[in-house]
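Listed below are the residues making up each chain.
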Amino acid sequence: MKSQDRSSYSQVSLSQWEAAAKKSVADENLSRLNWNTPDGISIKPLYTAEDLSGLPHTNTLPGFAPFLRGPQATMYAVRPWTIRQYAGFSTAEESNAFYRKALKSGGQGVSVAFDLATHRGYDSDHPRVMGDVGKAGVAIDSVEDMKILFDQIPLDKVSVSMTMNGAVLPVLAGYVVAAEEQGVTQDLLSGTIQNDILKEFMVRNTYIYPPEPSMRIVGDIIAYTAEHMPKFNSISISGYHMQEAGANQALELALTLADGQEYVRTAKAKGLDVDAFAPRLSFFWAIGMNFYLEIAKMRAARLLWCRIMSEFGAKNPKSLMLRTHCQTSGWSLTEQDPYNNIVRTTIEAMAAVFGGTQSLHTNSFDEAIALPTEFSSRIARNTQLIIQEETHIANVIDPWAGSYMMEKITQEMADEAWKIIEEVNAMGGMTKAVDSGWAKLKIEAAAADKQARIDSGQDVIVGVNKYKLAHEDTVEVRDIDNVKVRLSQIDRLHALKAKRDQKAVTLALDSLSQAAASGEGNLLDLSIQAIRLRATVGEVSDSLEKIFGRHRADTQKVSGVYAAAYDSGHEGDTMEFWNQLKSDIAEFASLQGRRPRVMISKLGQDGHDRGAKVVSTAFADLGFDVDIGPLFQTPEECARQAIENDVHAVGVSTLAAGHKTLVPAIIAELKKQGANDIIVFVGGVIPKQDYEFLYASGVKGIYGPGTPIPVSARDVLSHIQQALTSAR
């Protein structure tokens, strides 16, 4: 082709394109092609060179500040990202077998999921964790469990990532001591401890102590590892759980970086030079189905972190680099038509890779139903291997660089996030933003808005609110015998305590309490000493709780957000259903002299409260009276509150597989306390195979992931009316 022919194409103007485009738009309104994201970014259907005008970083190179195109000069062209498989279930023996098999099958690091009892600093024999031991992760009570967990896994060669925040001191200490007794010194250990307590107060809720002493623990871990564990990342600043709880990409990005700022301030306040610890800080992002924005988020994150660390006076280039682990979204997985989740995970994995992640976990397709099986885990792991080995995607460094669209939305993402960061800093930083409840409510409002858009059909979820199957096949799931695991852990605890030097353990725990009270000494150092003597996770946690206390969160809910988003997206039959339901609830109130009253509860140590908060908001917007039970209730406490509040129904939100233990327990407790008339309904991650068991136990309604909230609300109202009729 002649050059003049090529140049003639460039003479086609944007206005000519608009004229051509309008021919395909019936109302001649091009603005309908724009996509307005929840982040406040408007995505246009067409980007041109004009969109790059004035952008300051479009000519940067990977490996150089501000690291827009990646923290390493060669990125995956030389070394691909690390494939991690986040896993843990049942006993240390079973999890160890899974890790070893995964490493032989292409896994490149170990990523440990602990059970909720361990997260919350309870030993397995504690009465508050009867439904949690071994269910949503591996049960760890002492260094003896840790030694089994890493048996035949060389800790000087295999990096270990541990998702732990509340009980971070005894768990990290157990890992260190297990390595020592394997013959591996601390300076050879590589991996990451999450140690990101601020986000726990916003979303995941596996905290133990109040924010201020929790921040001291974070600082002590950063200080200890900087001196003794130079290859180990002392903190993984996590946005993952914020997005899983409902945050959009800009909010996840902003709050996570603001958390990072707070941790750096904490370390500097301990007298540490920023370049002594900053190179070992890492991040952790969720990667959802918003493909373009996820890539832009990761590129913007590196840009902003470089800016933040420069303002802290960092000089070492490694202090300015944002390095990150990513995990595909668990929330985007659907119970309905679950094999679609393989496609979702693949798309999300590609976004993480295009965004420049340093390691990646891909979720298994069955995780909206139960813990993943070996079959589903292999597919998830192979998804990454196929991207690495077959697609040649890794051969090009940041292939989106120079894209009119990507460069523009990267800058817009950075700008939106920076506005939120400035708002946080104006409050005095993230600790104050967390203490006030502001950050948590921002995320909960975004979650309610998202759920309403799905329930109203504005956001399509294939197989859930569109293209639904007439018949769903049963999927094989992993089932953990919680009672068996708990009893085996209790036996091991008894054996450990019978053999140890109790006097030495008591002295070590007393020293830990004294250090907590005085502010002197390093709490990780003292925890390691106690764990060497065979103190347990629960004992170390208790010795600190004596001084720090145990945090109790205030229960709040947003209002009006779900209704506003639902109303704006509904029309026809669905809007009629919504309005009729509100009318029926109003009629109920007129006839009964009060509105239908429900209590939404979380039982056991499951702190994932997105579903509970969204349901509470939506039910309240429909006209129900809604009480929200505090997190971490026992069945006895829940039943007592339900009776005292004179509710018609208790709704149990369960995401951590404890439903077969805890739901029958609340039904039995209501009967025991003379409240047979209070009905119980359940929502969350519940395998279909368990429905019959729960119905036989007395549950009136079960609403799995993807159930539109108005549909569940209609059913709950009907059951309340039936119960009142039967009681007459």
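Our subject is the structure listed above.
Residues numbered from 1 in each chain as written. Predicted model: local features only at pLDDT ≥ 70, side-chain atom pairs only at ≥ 80, totals over all residues. Heavy atoms only, no water.

Draft legend 1. Inspection of the overall build of the protein at higher detail. Counting its secondary structure elements, the protein contains 29 helices and 16 strands. Once the C-alpha set of the protein is aligned to its principal axes, its extents read approximately 90 × 70 × 50 Å. Put simply, the protein has 728 residues, and 59% of those count as buried. Taking all contacts inside the protein whose residues are at least 6 apart in sequence as the whole, residues at least 24 apart take part in 79%. (Helix = DSSP H or I, 4+ residues; strand = E, 2+ residues; numbered from the N terminus. Buried < 20%, exposed > 50% of the residue type's maximum accessible area, 1.4 Å probe, protein only. Contact = heavy atoms within 4.5 Å.)

Draft legend 2. Spatial organisation of the sheet that holds strand β16 (residues 701-703). Strands sit in the order β13-β12-β14-β15-β16 across an open sheet of 5 strands; the sheet is parallel. With one partner strand each, in any of the chains shown, β13 (625-628) and β16 form the two edges of the open sheet. Taking each pair of neighbouring strands and ignoring which way they run, the sheet shows an average axis angle of 20°. Contacting β12 (597-601), β13 and β14 (649-654), helix α26 (residues 635-644) runs over the sheet at an angle of about 160° to β12. (Pairing = 2+ DSSP bridges. Axes fitted to C-alpha atoms, helices over the stretch in contact; angles between N-to-C directions.)

Draft legend 3. Summary view of the packing of helix α20 (residues 502-518) against helix α22 (residues 537-548). It is the contact of α20 with α22, at a shortest axis distance of 8 Å, that shows an interaxial angle of 35°. Note that α20 runs across α22; the crossing there is right-handed. Contacts from V505, L509, L512, S513, A516 and A517 of α20 reach α22 at E539, V540, S543, L544, K546, I547 and F548. Its residues placed into classes, the contact of α20 with α22 shows 9 nonpolar, 2 polar and 2 charged. (Left-handed = near helix turned anticlockwise from the far one by under 90°. Nonpolar A, V, L, I, M, F, W, Y, C, P; charged D, E, K, R; others polar.)

Draft legend 4. How the structure looks around the nonpolar core. Counting 87 residues, the largest nonpolar core has L255, L257, W285 and M430 as the members making the most contacts within it. When neighbours within four sequence positions are excluded, L255 is seen to be in contact with M202, M242, I420, V424, M430, W438, A439 and I443. F114, V143, M146 and V176 belong to the second largest nonpolar core, which has 66 residues in total. (Core = buried A, V, L, I, M, F, W, Y, C linked by side-chain atoms within 4.5 Å.)

Draft legend 5. Main features of the sheet that holds strand β3 (residues 82-87). With parallel pairing, 9 strands are arranged side by side in an open sheet as β7-β6-β5-β4-β3-β11-β10-β9-β8. The sheet is open, and its two borders are formed by β7 (232-233) and β8 (235-238), each paired with just one other strand. Against the sheet, helix α6 (residues 168-182) contacts β5 (160-163), β6 (191-193) and β7, and its axis sits at roughly 160° relative to β5.

Draft legend 6. Examining a nonpolar patch on the surface more closely. Together, L14, W17 and L46 give the surface a local cluster of nonpolar side chains, amounting to about 220 Å² of exposed area. When you line up the elements, W17 lands in helix α2 (residues 14-22). (Patch = residues over 30% accessible without salt bridge, like charges linked within 9 Å, V, L, I, M, F, W, Y side chains within 5 Å. Areas by Shrake-Rupley, 256 points an atom, 1.4 Å probe, with all protein chains shown as cover. Salt bridge = Lys/Arg side-chain N within 4 Å of Asp/Glu carboxyl O.)

Draft legend 7. Main features of the pattern of salt bridges. Here the structure, examined in full by the defined rule, presents 37 salt bridges. Here D627 makes a salt bridge to R597, at a shortest N to O gap of 2.8 Å. Residue D627 is found in strand β13, and its partner R597 is found in strand β12; the two are separated by 30 residues along the sequence. Linked through salt bridges whose partners overlap, the residues forming this network are R69, R299, D398 and E407.

Draft legend 8. Representation of the pairing of β12. With 4 of 5 residues buried, β12 is to be regarded as a mostly interior element. The pairing of β12 with β13 spans 4 bridges and is parallel. Within the sheet, the bridge partner assigned to R597 lies in β13 and is D625. Since β12 and β13 lie parallel, the crossover through helix α25 (residues 610-622) that links them has a hand, and here it is right-handed. Sheet topology places β12 next to β14; 4 bridges connect them, and they run parallel. Bridge assignment links V598 to a residue of β14, and that residue is A649. (Right-handed = clockwise from strand over helix to strand, strands pointing away.)

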